[in-house]
Amino acid sequence: MYEEAVAAFRCALDLRSGLHPDRADTLDKVASALSSCYLQNGNIDLIKEAISLLREALGLCPPPHPLRDLLLNNLALTLRILHERDGDVAKLNEASSLHREALALCPAPQPDRASYLNNLANTLRSLYERDGDIAKLNEARSLNREALALRPARHPDRAGSLNNLALSLQSLYQHDGDVAKLNEASSLHREALALCPAPHPDRALFLNNLANTLRLLYECDGDVAKLTEASSLHCEALALRPAPHPDRAMSLNNLAITLASLYKHDGNVAKLNEASSLHHEALALRPAPHPDRAGSLSNLALTLQSLYERDGDVAKLNEASSLYRETLALCPAPHPHRASSLNNLAATLQSLYQHDCDVAKLTEASLLIREAFALLPIPRLECHWWCIDTLVDVLQLLYDRNGDIGRLNEVVSLSREVLGLLPAPHPARPWPLHSLAKAYQSLYNCHGSIGLLNEAMSLHREALALRPAPHPYQHLSLTYLAGALLSLYQHDGNVGLLNEAISLCHQALALCPAPRPGHCEPLKHLANALTSQFAKDGSLDALDEAISFGREVLVFYQPGHIHRQSAVNDLAHRLIKRREATGDDRDKKEIDDLEAELAGLRGEQ
């Protein structure tokens, strides 16, 4: 369809050569059709040609030509599209300047002023994503509010201004953690949606944006009703975008992400499998060189990682690694998504290392995550705690491999830096708190300094306080704190610490029942704590309970799972302890079976 439009406008352009009074207008139309073709097939030459044509058109329309503001606006929008492909921030800066010039040519009450305000705001928001300059984000919000004021109730474009203001508020929330901004964004999205009943052409977009905001709210308060509503909204948006709708892949992607979040809440693996199918369908709709292919590759890889964590099938992890490598090839520096792609590949290589102990994978992961950090502007580290978390895990494994204490000191330094950018109650603050605490726990294992362990416990407590029930990650904070308390108990034998660890593990299990993916960690900690209780006071009830939990862990770690060997080993040792304590040989067959499985697993290494 767009190819035919391009051909028709090219014919018209041939008839309007030189200084023809309508040449600039026709150049603009050809550029618009080329941009639409690019968005459909990803041929970068089309968008580059569109930019050249718009520059020519602009040269034909010096001030005070009546088309100049429109051409400035359209050139800026096209430069932004190219920036999304190549990450060249100079294009974004030029777009910002062009939008400002267009806005100056369109004072109130001219009807296009609101559109130009929104377009400049969107560009400033993109610049903030690159450099972390909060002044740009605050200006974007002010521009969006001015645009909204120019589109009172009943204005046909009010919904668009409501949507844009909501997006700026969401970005501000992600910067400062002020949930009031997120709640306002949700209200604005609902108002926009109400203004666009079916079959309004923008309804699917506004359904999508409201659903994304609800998913963020769920991350704040753990209210699963928000996540369920988000899923329903994405389903409705998808139904409004049947194939071959150009935005169908976006709706498939967003529904899949929400289903993956629901899986984390309830452990229903059918949701994760459906998410995988949806991502595969989205990827098929974005063949190379589609500009959004990298996003689909990355999202499918993330889902495969979650499936691997569920079933231990290393083939899924290898496929995820291949998908991330393809993503990286599509995101050369300075592409804005390169840092996240580097992080994701590093995390996958780290998991693969735990399977085969190939240190080359760990070394590559370290290099990748360092490259990711180099691409992240310092003011934006508050939104990139995931890099810190991955680096902590990679450096910890490298330390375990070669004992280089400098690795752990580096984690401490980076975690403190990020914490300085995330004052309480920022919703991302618990992640670097836990990262720093885990580094202190590892340093304690080196030095034996109890002060490090006490500091780790304090950091875990602070993180837990920032995640009151029903926060969706409270069970993680409970589990981390329980682990630190167990280490402290092993240092000084204070039974109060052991009892608190047991209590915290029970709370975590209640918040994260089977078959949720986070169920296993508190289960393992609880089994360890009860085994320690048996060692302390000889309570057979505690040992029986530890054995029961160990069997449950084994159900999670099916044969082939990376943690199967340690789970088999732990259960066998507890059964042997019970036989030694009671003289009862009832567990002999189970012990023999477990020891035979252990021998086989060791033989495979």
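Residues numbered from 1 in each chain as written. Predicted model: local features only at pLDDT ≥ 70, side-chain atom pairs only at ≥ 80, totals over all residues. Heavy atoms only, no water.

## Comments concerning the overall build of the chain
Now for step 1: The helix and strand inventory of the chain stands at 27 helices and 0 strands.
Now for step 2: Its C-alpha atoms give the chain a radius of gyration of 28 Å, near enough to 25 Å, the size a compact globule of 605 residues would have.
Now for step 3: Here the analysis covers contacts within the chain between residues at least 6 apart in sequence; of these, 60% occur between residues at least 24 apart.
Now for step 4: A total accessible area of about 25500 Å² is found for the chain, and carbon and sulfur atoms account for 55% of it.
Now for step 5: One way to put it: in the chain the 58 positive side-chain charges average out to a point 2 Å from where the 74 negative ones average out. (Helix = DSSP H or I, 4+ residues; strand = E, 2+ residues; numbered from the N terminus. Rg over C-alpha atoms; globule rule 2.2 N^0.38 Å. Contact = heavy atoms within 4.5 Å. Areas by Shrake-Rupley, 256 points an atom, 1.4 Å probe, with all protein chains shown as cover. Lys, Arg positive; Asp, Glu negative; His and termini not counted. Charge placed at Lys NZ, Arg CZ, Asp CG, Glu CD.)

## Points about the side chain of Lys316
Now for step 1: Here Lys316 shows up in helix 15 (residues 314-330).
Now for step 2: Lys316 gets classed as buried once you look at its relative accessible area, which sits at 19%.
Now for step 3: A polar contact is formed between the side chain of Lys316 and the side chain of Asp311, at a distance of 2.8 Å. (Buried < 20%, exposed > 50% of the residue type's maximum accessible area, 1.4 Å probe, protein only. Polar contact = N/O pair within 3.5 Å; in protein donor to acceptor, adjacent residues only side chain to side chain.)

## Here we look at the state of the cysteines
Now for step 1: Going through the model one piece at a time under the given rule, you end up with 0 disulfides.
Now for step 2: Sulfur of Cys11: no disulfide; nearest cysteine sulfur belongs to Cys37 and is 14 Å away. (Disulfide = S-S within 2.5 Å.)

## Quick notes on the environment of His83
Now for step 1: Considering the arrangement of structural elements, one finds His83 in helix 4 (residues 68-86).
Now for step 2: Taking the relative accessible area as the measure of exposure, His83 reaches 5% and is therefore buried.
Now for step 3: When the C-alpha positions of His83 and Pro336 are compared, they lie 9.0 Å apart, and in sequence the two are 253 residues distant.
Now for step 4: If near-sequence neighbours (up to four positions away) are discounted, His83 is found in contact with Asp88, Val89, Lys91, Leu92, Arg130 and Pro336.
Now for step 5: One polar contact links His83 to Arg130, side chain to side chain, over a distance of 3.0 Å.

## Side note on the pattern of salt bridges
Between side chains of opposite charge, a pair can form when the charged atoms approach closely.
Now for step 1: Counted under the stated rule, the structure contains 40 salt bridges.
Now for step 2: The residue Arg203 makes a salt bridge to Glu236 at a minimum N-O spacing of 2.9 Å. With a gap of 33 residues between them, Arg203 in helix 10 (residues 203-221) and Glu236 in helix 11 (residues 224-239) connect regions that are remote in the sequence.
Now for step 3: Looking at Arg203, the relative accessible area reads 14%, which means it is buried.
Now for step 4: One salt-bridge network, in which partners are shared between bridges, spans Asp86, Asp88 and Lys91. (Salt bridge = Lys/Arg side-chain N within 4 Å of Asp/Glu carboxyl O.)

## A word on the environment of Ala374
Now for step 1: For Ala374, the location among the structural elements is in helix 17 (residues 359-375).
Now for step 2: Separated by 35 residues in sequence, Ala374 and Ala339 have C-alpha atoms that sit 8.5 Å apart.

## What about helix 12 (residues 248-266)?
Now for step 1: For helix 12, which comprises 19 residues, the first-to-last C-alpha distance of 27 Å matches the rise-based estimate of 27 Å (1.5 Å per residue) to within 8%.
Now for step 2: Where helix 12 terminates, the next one or two residues include Gly267, which has phi positive at roughly 75°. (Expected span 1.5 Å × (residues − 1).)

## Some remarks on the packing of aromatic side chains
Now for step 1: Inspection of every chain in the model, using the stated rule, returns 1 aromatic pair.
Now for step 2: A ring pair is formed by Trp431 and Tyr473, whose centres lie 5.3 Å apart and whose planes are at 65°; its orientation type is edge-to-face. Placement of Trp431 in helix 20 (residues 430-447) and of Tyr473 in the loop between helix 21 (450-465) and helix 22 (474-492) is noted, with a sequence separation of 42 residues between them.
Now for step 3: Judged by its relative accessible area of 12%, Trp431 is buried.
Now for step 4: One Lys or Arg, Arg467, reaches over the ring of Trp431 and ends 4.4 Å from the middle of that ring. (Phe/Tyr/Trp six-rings, centres within 6.5 Å; stacked < 30°, edge-to-face > 60°. Lys NZ or Arg CZ within 6 Å of the ring centre and 35° of its normal.)

## Examining the side chain of Arg564
Now for step 1: Summarising the element assignment, Arg564 is placed in helix 26 (residues 564-582).
Now for step 2: Note on Arg564: relative accessible area 9%, which makes it buried.
Now for step 3: Separated by 2.6 Å, the side chains of Arg564 and Glu597 make a polar contact.
Now for step 4: Discounting residues that sit within four places of it in the chain, Arg564 has contacts with Leu554, Tyr557, Gln558, Pro559, Glu597 and Leu601.

## Quick notes on helix 8 (residues 158-176)
Now for step 1: The end-to-end C-alpha separation of helix 8 is 27 Å, in line with the 27 Å expected for 19 residues at 1.5 Å each.
Now for step 2: With 14 of 19 residues buried, helix 8 lies mostly within the body of the structure.
Now for step 3: Note on helix 8: the residue one or two positions beyond its end, Gly177, has a positive phi of about 75°.

## Let's talk about the environment of Thr123
Now for step 1: Mapping Thr123 onto the fold places it in helix 6 (residues 113-131).
Now for step 2: Counting along the chain gives 129 residues from Thr123 to Leu252, while the straight-line C-alpha distance between them is 26 Å.
Now for step 3: A polar contact is formed between the side chain of Thr123 and the backbone oxygen of Asn119, at a distance of 3.0 Å.

## Focus on the packing of helix 22 against helix 24 (residues 520-537)
Now for step 1: Remark: helix 22 packs on helix 24, axes separated minimally by 10 Å, with the N-to-C direction vectors making an angle of 25°. Classified by the angle between their axes, helix 22 and helix 24 sit roughly parallel to one another. When you trace helix 22 past helix 24, the crossing you get is left-handed. The residues of helix 24 that touch helix 22, namely those facing Thr479, Gly483, Leu486, Tyr489 and Gln490, are Glu521, Pro522, His525, Ala529, Ser532 and Lys536.
Now for step 2: Here the contact of helix 22 with helix 24 is composed, by residue class, of 4 nonpolar, 5 polar and 2 charged. (Axes fitted to C-alpha atoms, helices over the stretch in contact; angles between N-to-C directions. Parallel < 35°, antiparallel > 145°, perpendicular 65-115°, else oblique. Left-handed = near helix turned anticlockwise from the far one by under 90°. Nonpolar A, V, L, I, M, F, W, Y, C, P; charged D, E, K, R; others polar.)

## What about the packing of helix 15 against helix 16 (residues 338-356)?
Now for step 1: Two numbers describe how helix 15 lies on helix 16: the axes approach to 9 Å, and their chain directions differ by 155°. Classified by the interaxial angle, the pair formed by helix 15 and helix 16 is roughly antiparallel. Where helix 15 crosses over helix 16, the handedness of that crossing is left-handed. Here Val314, Leu317, Asn318, Ala320, Ser321, Tyr324, Arg325, Thr327 and Leu328 of helix 15 come into contact with helix 16, specifically with Arg338, Ser341, Leu342, Asn344, Leu345, Thr348, Leu349, Ser351, Leu352 and His355.
Now for step 2: Looking at side-chain class alone, the contact of helix 15 with helix 16 contains 9 nonpolar, 8 polar and 2 charged residues.

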